[in-house]
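One-letter residues, chain by chain:
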Amino acid sequence: MSTEPLRNEVPVTPLDRAPPEAPTRVQALFRKTEPYLYLLPALLLVGGLLLYSVAHTLAISFTDWDLITPPRFVGLQNYIDAIRDPTFTRSFTNTLVWTGGSLLLPVGGGLLLAVLLERIPGQRVLKTLIYLPAILATTVVAAIWSYIYSNNGVLNETLRWVGLDALARPWMVWAPTNTLAMIVAASWRALGPSMVLFLVGLQTIPAEIIEAAKIDGAGERLLFWRMKLPLLRPITAIVVIMSVIQSFMTFDLVWVMTQGGPGRSSETLAVTMYRQAFIMWRMGYAGAVAVILSTIVLVFSISYLRATLKRSAI
């Protein structure tokens, strides 16, 4: 039997075929929302845990609760007690000192190291050595620097060896020396990640812009302040916000090295919150401290991001 098409048969072209049926409203809506449906389980899990924690902390901040007896509503009394408490004021001041130190040492030092290492030969070894403390656990960092700051530790023995015996002292005993000493220890660990982020930012700057500025006669100092630093604004915003959040949440290093002492002189807000919650069993007061701390971090982050984005848009 012949398989050849009949001569009178007219071939069907794509234009002659029936057009596909238009999707219904339900199908169109499903197609638009389909990508978000795959994210829904993760969003529900993370969002649910986060929102529940925030709501629970906010709720107990208005109560007097010791985890044994039922919570008793006290309104804004915990917030009033916190504002009037000298220990809270000292912790807040120490936290601000931590914030200033984090901006000066990890952020400023990381930027300086990134600019210097960009042109130094053998920079891979130096980068590794600088970044190495970042992989250490906080307890290990605290143990290392506790030994360095001890009476017969590396720092005091070095000062005595160079003839500066008058500067040798028990660094972790007196305030604010103990807070400043712990800021140096924390900065030693945070310097590497900040440096790496700034190095990534420097590598993303187009080489044509730098070459054109050099041809126009821009020196290294002018090149940094007028070209590189403004172009590093997005990376700087990330590093600053990360450093500020980390400084406001500083707990483990302080707790291991001094436990907030002596006399609660080196407490930060995070240490005060922990002490009130799990040592003094004042969960409502600890919740109020947590709300105040989170509000400060949130307001700073939003304000700094808005200011940074506005400057970048100009």
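Structure first, text after, so check above.
Here's what I pulled together on the structure shown here. This is a predicted model, so every value here is computed, not measured.

Now for the overall build of the protein chain. Check the secondary structure of the protein chain and you find 13 helices and two strands. In terms of C-alpha radius of gyration, the protein chain reaches 29 Å, well past the compact-globule figure of 20 Å for 314 residues. Its C-alpha atoms give the protein chain principal-axis dimensions of about 110 × 70 × 45 Å. Per-residue burial over the protein chain gives 33% buried out of 314 residues. Averaging the positions of the 25 positive and the 18 negative side-chain charges in the protein chain gives two centres separated by 8 Å.

Turning next to unusual backbone geometry. A negative phi holds for most residues other than glycine; trans holds for most peptide bonds. The peptide bond linking Ala 175 to Pro 176 adopts the cis configuration, its omega dihedral lying at 0 degrees. Mapped onto the fold, Pro 176 is located in the loop between helix H6 (154–161) and helix H7 (177–203). In this model, Gly 261 is joined to Pro 262 through a cis peptide bond whose omega is -5 degrees. Here Pro 262 shows up in the loop between helix H11 (252–257) and helix H12 (269–278). Unusually for a residue other than glycine, Leu 67 sits at a positive phi of about 70 degrees. Phi is positive for Trp 281, which is not a glycine, with a value near 55 degrees. The partly exposed category is assigned to Trp 281, whose relative accessible area is 41%.

Our focus in this paragraph is the packing of helix H8 (residues 207–215) against helix H9 (residues 220–231). H9 packs onto H8 with a crossing angle of 135 degrees between their chain directions and a minimal axis gap of 11 Å. By the angle between their axes, H8 is oblique relative to H9. Seen from above, H8 lies across H9 with right-handed handedness. Contact with H8, carried on its side by Ile 209, Ile 210, Ala 213 and Lys 214, involves Glu 220, Leu 223, Met 227 and Lys 228 of H9 and no other residues of that element. Per-class residue counts for the contact of H8 with H9 are five nonpolar, no polar and three charged.

On the surface, a cluster of nonpolar side chains totalling about 620 Å² of accessible area is made up of Leu 67, Ile 68, Phe 278, Ile 279, Met 280 and Trp 281. Structurally, Ile 68 is set in the loop between strand E1 (63–64) and strand E2 (72–73). The class of Ile 68 is exposed, set by a relative accessible area of 74%.

This part takes up the nonpolar core. By size, the foremost hydrophobic cluster in this structure holds 31 residues, and its most contacted members are Phe 88, Leu 111, Ala 114, Phe 198, Leu 202 and Leu 232. Sorting the residues of this core by element identifies helix H2 (77–84), helix H3 (86–117), H7, H8, H9, helix H10 (233–248) and helix H13 (283–313) as the ones contributing at least two each. Counting residues per element, this core draws most heavily on H13, which supplies seven residues. In terms of nonpolar packing, the next biggest core, distinct from the first, is built from 18 residues, Tyr 149, Met 182, Ala 185 and Val 254 among them.

This brings us to the pattern of salt bridges. By the definition in use, this model includes four salt bridges. Across the salt bridge formed by Glu 157 and Arg 160, the nearest N and O atoms sit 3.1 Å from each other. Placement of the pair is Glu 157 and Arg 160 together in helix H6, with a separation of three residues, close to one helical turn. Ionic pairing is found between Glu 267 and Arg 264, a salt bridge with its closest N-O pair at 2.7 Å. A single network of salt bridges, built from pairs that share partners, joins Arg 264, Glu 267 and Arg 275.

The next thing to look at is H10. Relative to the 22 Å expected for 16 residues at 1.5 Å per residue, H10 spans 22 Å between its end C-alpha atoms, a close match to the ideal helical length. Along H10, the residues classified as buried are Ile 235, Thr 236, Ala 237, Val 239, Val 240, Ile 241, Ser 243, Val 244, Ser 247 and Phe 248.

Attention now moves to the packing of aromatic side chains. Counting across every chain of the model gives nine aromatic pairs. Arranged with centres 5.8 Å apart and planes meeting at 65 degrees, the rings of Trp 145 and Trp 188 form a pair that is edge-to-face. Of the two residues, Trp 145 sits in helix H5 (residues 138–149) while Trp 188 sits in helix H7, which places them 43 residues apart along the sequence. One aromatic cluster is present, built from ring pairs that chain together Phe 251, Trp 255, Tyr 274 and Phe 278. In this structure, Arg 169 is placed above the aromatic ring of Trp 171, and the distance from its NZ or CZ to the ring centre is 5.4 Å.

This part takes up the environment of Ile 245. Considering the arrangement of structural elements, one finds Ile 245 in helix H10. On the basis of relative accessibility, which here comes to 31%, the residue Ile 245 falls in the partly exposed class. Separated by 65 residues in sequence, Ile 245 and Leu 180 have C-alpha atoms that sit 18 Å apart. When near neighbours in sequence (up to four residues on either side) are disregarded, Ile 245 contacts Val 297 and Ser 301.

Reading guide: rules and limits
Counting from 1, residues in each chain are numbered in the order their sequence is written. Reporting of local features is limited, given that this is a predicted model, to residues whose pLDDT is at least 70; pairs of side-chain atoms are given and counted only at 80 or more, and all residues count toward the totals for whole chains, interfaces and linings. Processing note: side-chain calculations cover all non-hydrogen atoms of the structure and skip hydrogens and water entirely. Only DSSP runs of H or I reaching four residues or more are called helices, and only runs of E reaching two or more are called strands; each is numbered from the N terminus. A radius of gyration in this sense is built from C-alpha atoms; the matching globule rule multiplies 2.2 Å by the number of residues raised to 0.38. Relative accessibility under 20% of the residue-type maximum defines a buried residue, over 50% an exposed one, and the middle range a partly exposed one, all with a 1.4 Å probe and only protein chains included. Charge counting treats Lys and Arg as positive and Asp and Glu as negative, with His and both chain ends excluded. Lysine's charge is taken at NZ, arginine's at CZ, aspartate's at CG and glutamate's at CD. Interaxial angle, 0 to 180 degrees, is taken between N-to-C directions of lines fitted to C-alpha atoms, where a helix line uses only the stretch in contact. Each angle receives one of four descriptions, namely roughly parallel if under 35 degrees, roughly antiparallel if over 145, roughly perpendicular if within 65 to 115, and oblique otherwise. We call a crossing left-handed when the near helix sits turned anticlockwise from the far one by less than a right angle, and right-handed when that turn is clockwise. Any pair of residues with heavy atoms lying within 4.5 Å of one another is described as a contacting pair. Lys, Arg, Asp and Glu make up the charged group, whereas Ala, Val, Leu, Ile, Met, Phe, Trp, Tyr, Cys and Pro make up the nonpolar group; the residues left over, Gly among them, are polar. Patches in this entry comprise residues that are over 30% relatively accessible and not in a salt bridge; like charges within 9 Å are linked, as are nonpolar side chains (Val, Leu, Ile, Met, Phe, Trp, Tyr) within 5 Å. In this description, accessible areas are obtained by the Shrake-Rupley approach with a 1.4 Å probe, and a residue is regarded as covered only by the protein chains that are shown. For salt bridges, the criterion is a side-chain nitrogen of Lys or Arg within 4 Å of an Asp or Glu carboxyl oxygen. Here, nonpolar core refers to any group of buried Ala, Val, Leu, Ile, Met, Phe, Trp, Tyr and Cys residues whose side-chain atoms link them within 4.5 Å. Helices are assigned an expected span. That span is 1.5 Å times one less than the residue count. Centres within 6.5 Å make a pair out of two Phe, Tyr or Trp rings, where for Trp the six-membered ring is used; the pair is then stacked when the planes are under 30 degrees apart, edge-to-face when over 60, and tilted otherwise. Consider the ring centre and the ring normal. A charge sits over the ring if Lys NZ or Arg CZ is within 6 Å of that centre and within 35 degrees of that normal.

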